[in-house]
Amino acid sequence: MSKEMLEAFDTLEKTKGIKKEVIVDAIKAALVAAYKKNYNQAQNVEVDFDERTGNFKVMAVKTVVDEVQDDRLEVSLKDALAINGAYEVGDEIRFEVTPKNFGRISAQTAKQVIMQRLREAERNNIIDEYSQYEDELITGTVERRDNRFVYVKIGNVEAVMSTHDQMPNETYNPQDKVRVLVTHVGSDSKGAQITVSRTAPDVVKRLFEQEVPEIYNGTVEIVSIAREAGDRTKIAVKSNDPNIDPVGTCVGQGGTRVQNVVNELGGENIDIVQYEDDPSDYIANALNPAEVIAVQFSDEDDEKSALVIVPDYQLSLAIGKKGQNVRLAARLTGYKIDIRPESEVEFVDEDKKNSTENKESDAETANDEVEATVNHDTSTSDNTEE
């Protein structure tokens with residue numbers, strides 16, 4: 001080792017962000033491993049590093065004892081006192097055992113361990129730096145693609161976007177700028193791994209946060225998102241300010257806000273519906289643009305299911321193309337939704353039902369009064385005859 005090695009340490013720290021201490025510790029561990037492996041030594045050894053010269057020394061650590069049992073690990077008190085009169089039993093003494101011909105094999109072993117430590121340190125640096133961007137939108141540059149991934153450069157690292165994270169209506173070419181959601185920052189056997197997505201529901205959420213200040217500051221809240229990327233998305237919003245219309249706020253004047261999001265997603269249709277605490281109203285809103293006559297719920301407490309009644313001419317609209325509208329509404333609300341046309345359901349208007357029941361009750365009361373009167377008159381007539 002030499003001063004050139006020290007300069008290399010400084011370069012790695014500046015270019016890779018890996019501290020010199022990490023590199024030195026990696027080399028120390030490599031030299032200890034190489035010494036024990038290649039020289040068949042099992043003794044306790046350490047490696048000292050001279051920061052001035054850049055040189056390393058292998059030191060055997062021995063414990064001072066009265067009677068030596070293993071000369072690889074122990075030194076007698078007599079020999080220790082010959083070195084320094086202050087030594088006592090139990091003290092540790094370091095002896096230099098650096099081989100003169102450490103050799104090519106030892107150097108290669110050290111190199112392999114050093115490279116491994118450097119990869120680990122670099123991986124940890126990447127994870128530390130990019131974990132702050134997890135679940136956030138970030139702009140990257142497409143580098144290349146293969147059958148499994150699109151590789152996106154974000155900052156100084158390469159992220160991967162798998163097939164299911166790619167929009168079906170988009171083509172990714174090298175040097176294209178693309179806004180992606182960082183979905184995972186972690187590591188595998190090959191090093192740090194960052195995964196990004198264009199299809200995750202939170203992509204829509206982050207885009208609306210950027211377009212709608214009221215969402216960013218919490219005045220308007222996105223409660224739920226159901227998305228079929230590249231085709232259609234439904235989002236449910238509510239306002240924490242009674243004076244603000246959440247749907248209108250998200251749409252924007254002339255539809256500019258929602259249109260900006262649609263453009264970013266390549267023309268993906270977006271339905272914005274108002275969240276309601278009442279499940280009936282919420283489900284009805286979620287099936288927009290279809291008209292809903294009534295929503296009825298199952299009596300079973302353990303199953304969130306709803307029967308939705310719509311006009312016959314609205315049935316196909318409520319279900320949507322290939323069932324998409326009702327499917328997204330179900331995912332948005334968390335309810336299993338069964339849609340039936342009005343003509344197939346025995347639908348009873350509760351107001352009319354109550355009115356009819358009241359009329360029948362009044363009629364029964366009137367009949368009872370008539371019967372009572374007749375019975376009274378009959379009884380009076382009988383008494384008169386007597």
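Structure: see above.
Residues numbered from 1 in each chain as written. Predicted model: local features only at pLDDT ≥ 70, side-chain atom pairs only at ≥ 80, totals over all residues. Heavy atoms only, no water.

All right, on to the sheet that holds strand 13 (residues 294–297) then. Within a sheet, each strand pairs with its neighbour through backbone hydrogen bonds, oriented either parallel or antiparallel. The strand order across the open sheet built from three strands is 13-14-15, with neighbouring strands paired in mixed fashion. At either end of the open sheet lies a strand with only one pairing partner, and these are strand 13 and strand 15 (336–341). Sheet twist, expressed as the mean angle between neighbouring strand axes with direction ignored, is 25 degrees. Direction of pairing for strand 13 relative to strand 14 (residues 305–310): antiparallel, over a ladder of four bridges. Counterpart to Val295 in the pairing with strand 14 is Val308. In this fold helix 9 (residues 279–286) packs onto strand 13, strand 14 and strand 15, with an angle of close to 125 degrees to the strand it touches most, strand 13. (Pairing = 2+ DSSP bridges. Helix = DSSP H or I, 4+ residues; strand = E, 2+ residues; numbered from the N terminus. Axes fitted to C-alpha atoms, helices over the stretch in contact; angles between N-to-C directions. Contact = heavy atoms within 4.5 Å.)

Let us look at the pattern of salt bridges. For side chains bearing opposite charge, pairing can occur when the charged atoms are close. Here the structure, examined in full by the defined rule, presents 16 salt bridges. Residues Arg198 and Glu170 are paired through a salt bridge, measuring 2.5 Å at the closest nitrogen-oxygen approach. Residue Arg198 is found in the loop between strand 9 (191–197) and helix 5 (201–211), and its partner Glu170 is found in the loop between strand 7 (157–162) and strand 8 (177–188); the two are separated by 28 residues along the sequence. With relative accessibility at 3%, the residue Arg198 sits in the buried group. Glu264 is paired through a salt bridge with Arg179; the nearest N and O atoms lie 3.8 Å apart. Placement of Glu264 in helix 8 (residues 256–264) and of Arg179 in strand 8 is noted, with a sequence separation of 85 residues between them. For Glu264, a relative accessible area of 23% corresponds to the partly exposed category. Overall, the relative accessible area of 25% leaves Arg179 in the partly exposed class. Sharing partners across several salt bridges, the network here consists of Glu170, Arg179, Arg198 and Glu264. (Salt bridge = Lys/Arg side-chain N within 4 Å of Asp/Glu carboxyl O. Buried < 20%, exposed > 50% of the residue type's maximum accessible area, 1.4 Å probe, protein only.)

Once that is clear, we can look at the nonpolar core. Core analysis: the largest hydrophobic core is formed by 40 residues, its most contacted members being Ile154, Ile194, Val196, Phe208, Leu265, Ile270 and Ile272. Of all the elements, strand 8 adds the most residues to this core, at five residues. Each residue touching Val196, except ones within four places of it in the same chain, is listed here: Val152, Ala159, Val160, Met161, Asp165, Val180, Leu181, Val182 and Thr183. Core analysis: the next-biggest nonpolar cluster, separate from the first, contains 21 residues, Ile283, Val308, Leu328 and Ala330 among them. (Core = buried A, V, L, I, M, F, W, Y, C linked by side-chain atoms within 4.5 Å.)

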